[in-house]
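# Descriptive analysis of the structure
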Amino acid sequence: MLENKLIQPLNVSYSSDEAGSERADEAAKIVASGVNVSYAGRPAITNVNLNIRSKAVTALIGPSGCGKTTFLRCINRMNDLIETCQVSGSITLDNEDVYGDDVDVVVLRRRIGMVFQKPNPFPKSIFENVAYGPRIHGQANKGDDLNEIVERSLIRAGLWDEVKDRLDAPATGLSGGQQQRLCIARAIAVEPDVILMDEPCSALDPIATARIEELIDDLKTKYTIVIVTHSMQQAARVSQRTAFFHLGELVEENEAKVIFTNPSDDRTRAYVTGSIG
Amino acid sequence: MTERKSPGSLSSSAMPGVVERHRGEERFKFLGLAAILVSLSFLAFFLVSIIGTGYGAFLQTALKVEVDLTYDSLGLVEPATEEDIANIRYRSIVRSAMRDIITEDVGRREARTLYGMLGAAAEFDLRDIVVEQPQLIGTVASLWLTSSDDVDLYNKGDASEASQLQTRLSEKQQEWYATLEAQGRIKTRFNWTFLTSSDSRDPEVAGVYGAMIGSFFALGVCLLLSCVVGVLAAVYLEEFAARNRWTQFLEININNLAAVPSITFGLLGLAIFLGFFGLPRSASLVGGMVLALMTLPTVIISSRVALQAVAPSIREAAFGIGASRVQAVFHHVVPLAMPGILTGVILGMARALGETAPLLMIGMIAFIADPPSTLTQPASALPVQVYLWADSPERGFAEKTAGAILVLLVFLLLMNLMAVILRRKFEK
């Protein structure tokens, strides 16, 4: 009875992959424990403990200002760029603390790629956008190797057929959806382990959104994906695990199906049924 | 059936105050247009008066005389060596040529005023022609030689009473002028001397070439220094420096320096470059360094604004893919800020080109008759040349002053044009 009532307003089918539950015993790729973040002394998230599974999609949901983007940006230390930002607690990637003393953010960010809310291709050619990462990291210096990486990345991002004839055209001439897929291709060109996505579809139309969601589903066979989204339907469609943030706290984390059908916390229930948020 | 014409419910009178609001709009449009017209008319007045006075500087009056260059009269033996040519007494040749034309008997005093119609420039003209064409020696050559500045002004001035009265030619000279004109011995030609010679005490041989070279050297030094130092400082402050009291203090000081009167930078240059480092006085190197001090704040401020205007998403994209700070800045941010940085640099250069006060303090005000060939030789600069000529008592310098201003304006126009072209190119 309760289950039906919850499913109906969402009216989506859940991701068919059962990775979330089947691989429950597998070691977590990223482990956050006791993470606190504050901006200029004002706390943004408090005491977040979260395990993120390898090769699965974890969605972070919650109302605006709940700290989900802040948490995402802690994982690849993009928050370092904000001078007033203070992070405590620990986040590990494959059991290594990303805030450790000997960690080089350049190396860290090669392992953890990021896709942003608004498509942000460099104002250069399509080829240069994808080739930039491998080039600065010295992953390919010879022309043929680089061509191969660019082609492979664009194919994985589902953009190759649309742009293969105009790789030298400026990236800013692509449509919004194509630009976002180009940004995904750029992120995977350096062969990261993890891809962080910060509301990657919020600036896109429904068709472009559907293509990105398909792509995310496809990418999880190779990468660990953490996605922040405002759309509960999207979280339900693409994620295996879902974490609900509220007022800077991680309220609940579980299989996507459980979060959307039978959450254990009242606040989660209220949010997924649409009464708060 | 007559219908009473009353305003509809959507007309302006249907709502109180609307008519007055529209009237306010009209008033503002009128005032704005008037302001633009006033400034345009000032500009037009300025251009008309400068061009009207200055175009004369690009023209000069030449007199045709038959010059006796036969070996007998020169007292030389064939063939003439280079040394012979250098030793020819050109002044007396020019004088006797004048006497040949005006055949009437003239006394000693009158003869001097006759020779005065061909000034120092005529001797230099003749020497240059003979050095260039030595085959003329042994012949009687009919040559056009530059007249003195008084004759030049008399020729260029309109024939109205006022200018006749103002002329410095004596009545006798005016008579001779009429004779020469009747014989077709007077013409107006383009004044290449103005663009190829340097400063002189005689207006008819004075030119802007030396000042142009001096300005060019000084601007080159200034461009190099302010570009390198200014852009590096801006990039560091904007992209690398932490935001704290110390950088705020720096920022306030840079903003204040941009508003400091330029003569102050001249005093600073005098104290540091000449007094402390002992660099040569009047040198374009020091001039360029002083101008660089003056333009640095402008370049830093405009470069920082250009860097700030680059979308933060580009920085995030670069950092997100693992670029280091230097890579993010120099691969992505600086190229995107380039049009703005260049505009700032070129506008700073344009200001430096027109600046006089700081150059006066380091001795670039001196009378310098030779164009500099190195950075450390004494040099003049275009705006200083304008200042010097404006101060000269000879009437011939009045049009030279306006002419030099025209040259300066053309350079400014070219630099601004370059700024536009470069910006277009980088924005692509």
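Refer to the structure above for everything that follows.
An account of the accompanying structure is given in this report.

Conventions and cut-offs
- Residues numbered from 1 in each chain as written.
- Chains lettered and ligands numbered in written order.
- Predicted model: local features only at pLDDT ≥ 70, side-chain atom pairs only at ≥ 80, totals over all residues.
- Heavy atoms only, no water.
- 1 Å grid on protein atoms, 1.4 Å probe; cavity = no way out; pocket = protein on both sides within 12 Å on 5 of 7 lines; lining within 4 Å.
- Points joined across faces, edges and corners; volume = space filled by probe spheres on them.
- Helix = DSSP H or I, 4+ residues; strand = E, 2+ residues; numbered from the N terminus.
- Nonpolar A, V, L, I, M, F, W, Y, C, P; charged D, E, K, R; others polar.
- Contact = heavy atoms within 4.5 Å.
- Buried area = accessible area lost by both parts, 1.4 Å probe.
- Salt bridge = Lys/Arg side-chain N within 4 Å of Asp/Glu carboxyl O.
- Polar contact = N/O pair within 3.5 Å; in protein donor to acceptor, adjacent residues only side chain to side chain.
- Buried < 20%, exposed > 50% of the residue type's maximum accessible area, 1.4 Å probe, protein only.

## Regarding the layout of surface pockets
Of the volumes computed, that of the largest pocket is approximately 480 Å³. Leu81(A), Glu238(B), Glu239(B), Arg315(B) and Arg325(B) are, among the 18 residues lining the largest pocket, the residues nearest its centre. At the level of elements, helix 11 (209-240), helix 14 (284-308) and helix 15 (312-320) of chain B are the ones that each hand at least two residues to the lining of the largest pocket. For the lining of the largest pocket, the element with the most residues is helix 15 of chain B, which contributes 4 residues. Of the residues contributing to the lining of the largest pocket, the split by class is 8 nonpolar, 1 polar and 9 charged.

## Some thoughts on the interface of chain A and chain B
Across the contact, 21 residues belong to chain A and 19 residues belong to chain B. Summing both sides of the interface, chain A and chain B together bury roughly 1,600 Å²; the carbon and sulfur share of this comes to 61%. Where chain A touches chain B, the interface holds 1 salt bridge. Between Arg73(A) and Glu316(B) there is a salt bridge, and its shortest N-O distance comes to 2.7 Å. Counting the contacts that link chain A with chain B gives 7 residue pairs in polar contact (both at pLDDT 80 or more). Contributions of two or more residues to the side of chain A that touches chain B are made by helix 4 (105-111), strand 6 (112-115) and helix 5 (126-136) of chain A. Looking at the side of chain A that touches chain B residue by residue, the class counts come to 12 nonpolar, 4 polar and 5 charged.

## Topic: the side chain of Glu213(A)
Here Glu213(A) shows up in helix 9 (residues 206-219). For Glu213(A), the residues in contact, after removing those within four places along its chain, are Gln234(A), Arg237(A) and Val238(A).

## Re the pattern of salt bridges
In this structure the tally under the stated criterion is 31 salt bridges over all chains. Across the pair Glu399(B) and Lys156(B) runs a salt bridge, and its minimum N-O distance is 2.7 Å. In this pair, Glu399(B) sits in helix 19 (residues 396-427) while Lys156(B) sits in helix 7 (residues 149-156), placing the two residues 243 residues apart along the sequence. On the basis of relative accessibility, which here comes to 9%, the residue Glu399(B) falls in the buried class. For Lys156(B), a relative accessible area of 22% puts it in the partly exposed group. Linked by salt bridges that have partners in common, Lys29(A), Asp94(A), Arg111(A) and Asp193(A) make up one network.

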